[in-house]
Amino acid sequence: MSAHWEIMQPEFEILVVCTANICRSPLAERLLQAGFDDVAPGQFAVSSAGTQGRDGWDADPCIAELAVEHGVHLEGFTSRQVEPGMIQDADLVLAMTREHRRRIVEIVPAAVRRTFTLREFARLLPSVPPEAGASPAQRLHSLAALAQRHRRAAPGDQMDEDIIDPYQGPEAVYRQMLEQLLPAVQAIFDWERRSSGKET
């Protein structure tokens, strides 16, 4: 893909999707937004929704506490039911499980090439070379377009792509969810830092 971009959206839009949009996806949304604001201010807009969500719910209080633990907050967050327009507008859709990914593609079949589970996307990163001379948002445009070509070729256990739903479970399940989610989020930022030469 060429590094020449004549028309560029002001922000690269990422949609994160889970079931009710009160646990995994709001936490991932805020972590991703905070990280992108750090590595590439103003270039990314992250939102979230749920395949079975209801509009206007607060985030799970346990998730809100974990968010603060990891340097972000969920103040002002309210849940949303995923709608076709949200998927169509997103440059990249990151699902928490393969079932969510399947449902997203059922709603908008054309989104199949830019829809991944979060852990799948993180696993594919080493297989996709960054676009030279591009901005962070441009690099992610290229990454989202090229990553789907490597779905089968990438190393790792492709079955191990879901992030567990911790809702109303014991603290250990919430911690297990974090152990699955955080490394995948961090892998995206590590890839960008390496690509931009800012890795320390």
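As the structure is a prediction and not an experimental result, all values here were calculated from the model. (Residues numbered from 1 in each chain as written. Predicted model: local features only at pLDDT ≥ 70, side-chain atom pairs only at ≥ 80, totals over all residues. Heavy atoms only, no water.)

## Looking at the packing of aromatic side chains
Part 1 of the argument: Counted according to the given criterion, the structure contains four aromatic pairs.
Part 2 of the argument: On the basis of an interplanar angle of 20° and a centroid distance of 4.0 Å, the ring pair of Phe36 and Phe44 is categorised as stacked. Residues Phe36 and Phe44 agree in their burial class; the two are buried.
Part 3 of the argument: Taking the centre distance of 5.2 Å and the plane angle of 55° together, the rings of Phe116 and Phe121 count as tilted. Here Phe116 and Phe121 have matching classes, each one buried.
Part 4 of the argument: Among the aromatic residues, ring-to-ring pairing joins Phe12, Phe36, Phe44 and Phe189 into one connected group. (Phe/Tyr/Trp six-rings, centres within 6.5 Å; stacked < 30°, edge-to-face > 60°. Buried < 20%, exposed > 50% of the residue type's maximum accessible area, 1.4 Å probe, protein only.)

## Quick notes on the nonpolar core
Generally speaking, soluble globular proteins have nonpolar side chains that are buried together.
Part 1 of the argument: Of all hydrophobic cores here, the largest spans 48 residues; its most connected members are Ile14 and Phe36.
Part 2 of the argument: Of all elements in the fold, only β1 (12-18), α1 (24-39), β2 (44-50), α2 (61-69), β3 (92-95), α5 (118-124), α6 (136-147) and α7 (171-196) reach the threshold of two or more residues within this core.
Part 3 of the argument: Counting residues per element, this core draws most heavily on α7, at nine residues.
Part 4 of the argument: In contact with Ile14, other than residues within four places in its own chain, are Phe36, Phe44, Ala45, Val46, Ser47, Leu92, Leu94 and Leu140. (Core = buried A, V, L, I, M, F, W, Y, C linked by side-chain atoms within 4.5 Å. Helix = DSSP H or I, 4+ residues; strand = E, 2+ residues; numbered from the N terminus. Contact = heavy atoms within 4.5 Å.)

## Quick look at the packing of α2 against α7
Part 1 of the argument: Viewed as axis vectors pointing N to C, α2 and α7 meet at an angle of 50°, and their least axial separation amounts to 11 Å. If you check the angle between α2 and α7, you find them oblique. The hand of the α2/α7 crossing is right-handed. Contacts between α2 and α7 pair Cys62, Ile63, Leu66 and Glu69 from the former with Tyr174, Arg175, Met177 and Leu178 from the latter.
Part 2 of the argument: Looking at the contact of α2 with α7, its residues break down into six nonpolar, no polar and two charged. (Axes fitted to C-alpha atoms, helices over the stretch in contact; angles between N-to-C directions. Parallel < 35°, antiparallel > 145°, perpendicular 65-115°, else oblique. Left-handed = near helix turned anticlockwise from the far one by under 90°. Nonpolar A, V, L, I, M, F, W, Y, C, P; charged D, E, K, R; others polar.)

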